[in-house]
Amino acid sequence: MKKNLKSIALTALSVLFGSTFLYGQEIFDINTLGITEETITPNYQFEYIPDFTYDDVARKIKTMETDMPFELNDRIFSFINYFAVRNRDYTKMVLEREAIYFPMFDEILAKHDMPSDIKYLAIIESGLNPRARSRVGAMGLWQFMPATGRMYNLHTNYDIDDRMDPELATDAAAKYLKSLYKMFGNWELALAAYNCGPGNVRKAIRRSGGKQTFWGVYDYLPRETRSYVPQFQAIMYLMRHVEDHNLYLEEPTYPIAYSKIQFNQELDLEQLAALSRICIEDLEKLNPSIQNRLIPASHKHLALKVPASKASLIAENKAEFKEAVALTNERIVELRTTVAAESGIKATAVPTGDLITYKVKSGDVLGSIAQRHGTTVTNIKNWNNLSSNTIRVGQNLKIYSNKPISNPTNVTLAENSISTNGSGSKVYTVQPGDSLWLISKKLNGVTIDQIKKLNNLNSNQIKPGQKLIIG
C-alpha cells in the first residue's frame, strides 16, 4: 500500500511539475516566437486553491465594469484555470510588478482616451518585464519589433533601446492599438492585429466570408493569435478577482520613487552612481532603455530617472556633476566592454547606427551585406552568434546599420496610398502609424518642410485618412 501511495504521489508531482511556461505572446504550446528572457516553471506550494465553476466565473464576468466586455467560453475558462491554478507563480509575479507600472499605464491610456483594461495586455506580452526579449527581436513591455518601433519614434542603437523605455513604449502601444481599433472597429480584432498584424486579420475576415468578430474569424487566424486574445481576457478577469482565488502577495512590492534630471550631454552612469552614492542597479532598474551604463550623444537630451532621495543633491550640484560624469571615448569603450562581459556577450567594435533586421536574399554574402550597411563581417557574425560565414536565404540578421537602406515595403505602401486630386496634384493618404518623417522616407525626394508648405501645416501633427499634397 505504501509503495502504491508513493507511486501515486510521484505521478502527481510529475504532472504538476512537468510543464514550463513561456510568457509573452507565446503562452502554452504556441512557442513559434517565444520569450527567451526567462522561463518560469510552476512551483506549487500546496497552498489553498479555492474551487470555482464555469458558472461562478460567468456570473462574475457579467457584472464586470469594462469598456472591453466579453462573454465566457471554454477557451477563456481554460486560460483562467491555467493562471489561477496551474501557474499561480506567474500570476503572483505580475501582481508584484503591478504597482510599478499600472499607475503609469492608466495615466497614458487616459491621455489617449483608451480603455484602462488595455494595460493587461502588457502582462501577456512581457510579464511586465521592460527588458523582455523575444527570439525574433521584439523588446520591452509591449514587445515592439524594430521596424514597428521606428514607426512610433522608438529608436534603437547599441547603447539605448527606446522600446525598453516604459513610458515611451506605452505611449507608442496606445497609439498603435488606437489605430488598429479605428481600422477594425472591434477591440478583440484590434488585439489580434497587434499580435499577428492587420494583414493577417484582414485575410481571416476574407476567408470567413466577411465576418467581423474575433470568434467569427477564429479558425482562420494564425495559431498563436487564437490563444492570444483569450489569454488577455482571462488575465483581465483574474486581475479583478485575485482575492477570490487566494492570490495574495506575502511581501508587497513598492516602486522606487524617482525624479527626472536632464543633463543634455553624454553621461557616464557608473560615475554618476559613485558620486551621488546611488546603487547602479537602481539606476538601471529605473532606466531599462539604457544598455551600457552610458547615455550617448544620440540621446543626450534623455531625461534620466534618479531616486527621489538623491534628486536634490544632484540638482543643487548639477554643474559639478556635469563635468565629473562627462564621457570620453576611452570610457565609452570601457563601459561597453564591461557590460558586455557581465552579460556574457562577445566584445566587438560597435557602430552608432540604428538596429535593423535584415532578411537574407538570394545571392547575398556577408561581405556585401556588411559593405552595404557600413560595418564588417566580424561585427555581423558577433551580433548574430555566427560561427562561420554561411548564411541562408530568408535568415534574419541583426545589424547596427550606419547607412540608410531603401525599404521596398515602404515604397509599395506609399505607392498604394498616392492618388491625384481634381487639380492634378499628387495626394498621399495618411496611413495608421504614419508621421511626417516616415512619409518623407517613403517618398524619396520629398522633405518634411516641403510637405508642410504644400499643405499649410503649422505643426507635425497628422491623422490617418488625412490627404496631403505631395507634388
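Residues numbered from 1 in each chain as written. Predicted model: local features only at pLDDT ≥ 70, side-chain atom pairs only at ≥ 80, totals over all residues. Heavy atoms only, no water.

Peer 1: With reference to specific residues and values, describe the overall build of the protein.
Peer 2: For the protein, the helix and strand inventory stands at 21 helices and nine strands. With 471 residues in all, the protein has 48% of them scored as buried. Across the protein, the fraction of contacts at a sequence separation of at least 24, relative to all contacts at a separation of at least 6, is 67%. Of the roughly 23900 Å² that the protein leaves accessible, carbon and sulfur atoms contribute 50%. (Helix = DSSP H or I, 4+ residues; strand = E, 2+ residues; numbered from the N terminus. Buried < 20%, exposed > 50% of the residue type's maximum accessible area, 1.4 Å probe, protein only. Contact = heavy atoms within 4.5 Å. Areas by Shrake-Rupley, 256 points an atom, 1.4 Å probe, with all protein chains shown as cover.)

Peer 1: Which residues make up the sheet that holds strand S9 (residues 467-469), and what values go with them?
Peer 2: A sheet is described by the order of its strands in space; here three strands give the open sequence S7-S8-S9, paired in antiparallel fashion. Unpaired on one side and paired on the other, strand S7 (418-420) and S9 mark the two borders of the sheet. Within the sheet, the average angular offset between the axes of one strand and its neighbour, ignoring direction, is 35 degrees. Judged from the three bridges that link them, strand S8 (residues 426-429) and S9 form a sheet pairing that is antiparallel. Opposite Thr429, over in S9, you have Lys467 as the bridge partner. (Pairing = 2+ DSSP bridges. Axes fitted to C-alpha atoms, helices over the stretch in contact; angles between N-to-C directions.)

Peer 1: Give a detailed account of a positive patch on the surface, specifying residues and quantitative values.
Peer 2: There is a patch of like positive charges on the surface, built from Arg202, Lys203, Arg206 and Arg207. Structurally, Arg206 can be placed in helix H9 (residues 198-207). (Patch = residues over 30% accessible without salt bridge, like charges linked within 9 Å, V, L, I, M, F, W, Y side chains within 5 Å. Salt bridge = Lys/Arg side-chain N within 4 Å of Asp/Glu carboxyl O. Lys, Arg positive; Asp, Glu negative; His and termini not counted. Charge placed at Lys NZ, Arg CZ, Asp CG, Glu CD.)

Peer 1: Residue-level account of the nonpolar core, with values.
Peer 2: Phe83, Phe105, Ile118, Ile123, Trp142, Tyr194 and Val201 are the most contacted members of the largest nonpolar core, which has 72 residues in total. Among the elements that make up this core, the one with the highest residue count is helix H4 (residues 88-111) (10 residues). Sequence-distant contacts of Ile123, defined by excluding residues within four places in its chain, comprise Tyr90, Val94, Phe102, Leu128, Ile235 and Met239. Of all hydrophobic cores here, the second largest spans 19 residues; its members include Ile261, Ala273, Ile290 and Ala311. (Core = buried A, V, L, I, M, F, W, Y, C linked by side-chain atoms within 4.5 Å.)

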